[in-house]
Amino acid sequence: MDPEPSPTGPVTVCRQRSITVAPTAGAKHWQALEYGDEEWQKVYFRLRNSVEGYNGYAKNPLAEAIEASGTRRIRGIAAQTILLVFQLAHANRRKIKNWVETLALNGERPRRRTHHRRRTKPLGSWTPTGYLAPTG
């Protein structure tokens, strides 16, 4: 604060040693998790991975290809934005459709199998042949 000179001296806020701030003063900046904390990182990176995964899904060159501006041949930022919204809506619809196909409805088998990761041995259990003597 840069107060204007006054014959009575500096303003009260400049003469005080402490101030009181109401709890509601920073309420709009309050966060449920402490920034940088281990729990915050767990939540933040899970959400971040979700967003980045969806970006990759929508950028698929065989589907919506939102990264390729050539798929939206029109001038103007407003027109580009509207066409991009349609592309993202289609990506959402495609994602939901693929998910529904993995559900078993009305006692029937799902039309599409869910994606399963390949089961592999832990990296520490593998050694190149001939480099380590067998134990036993």
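Residues numbered from 1 in each chain as written. Predicted model: local features only at pLDDT ≥ 70, side-chain atom pairs only at ≥ 80, totals over all residues. Heavy atoms only, no water.

Section: the overall build of the protein
- Each helix and strand counted, the protein has three helices and zero strands in total.
- For the protein, the N- to C-terminal ordering of α and β elements is α-α-α.
- The proportion of buried residues among the 136 residues of the protein is 10%.
- The contacts of the protein with a sequence gap of at least 6 include a subset with a gap of at least 24, amounting to 27%.
- Carbon and sulfur atoms provide 56% of the accessible area of the protein, an area that totals close to 13200 Å². (Helix = DSSP H or I, 4+ residues; strand = E, 2+ residues; numbered from the N terminus. Buried < 20%, exposed > 50% of the residue type's maximum accessible area, 1.4 Å probe, protein only. Contact = heavy atoms within 4.5 Å. Areas by Shrake-Rupley, 256 points an atom, 1.4 Å probe, with all protein chains shown as cover.)

A short note on the pattern of salt bridges
- Overall, the coordinates contain three salt bridges when judged by the stated rule.
- Taking the shortest distance from any N to any O, the salt bridge between Arg 94 and Glu 64 comes out at 2.8 Å. Taken as a pair, Arg 94 in helix α3 (residues 77-100) and Glu 64 in the loop between α2 (38-58) and α3 lie far apart in primary sequence, 30 residues in all.
- Relative accessible area serves as the criterion here: at 6%, Glu 64 is assigned to the buried category. (Salt bridge = Lys/Arg side-chain N within 4 Å of Asp/Glu carboxyl O.)

Section: α3
- Taking 1.5 Å as the rise per residue, α3 with 24 residues should run 34 Å; its terminal C-alpha atoms sit 34 Å apart, in good agreement.
- Of the residues making up α3, those classed as buried are Gln 87, Ala 91 and Arg 94. (Expected span 1.5 Å × (residues − 1).)

Observations regarding the nonpolar core
- Judged by nonpolar contacts, Tyr 54, Tyr 57, Ala 58, Ile 66 and Ala 91 together constitute the single largest core of five residues.
- Among the elements that line this core, the one with the most residues is α2, at three residues.
- Residue contacts for Ala 91: discarding those within four places in its chain leaves Tyr 54, Tyr 57, Ala 58 and Glu 64. (Core = buried A, V, L, I, M, F, W, Y, C linked by side-chain atoms within 4.5 Å.)

Shape descriptors only; they carry no functional weight alone.
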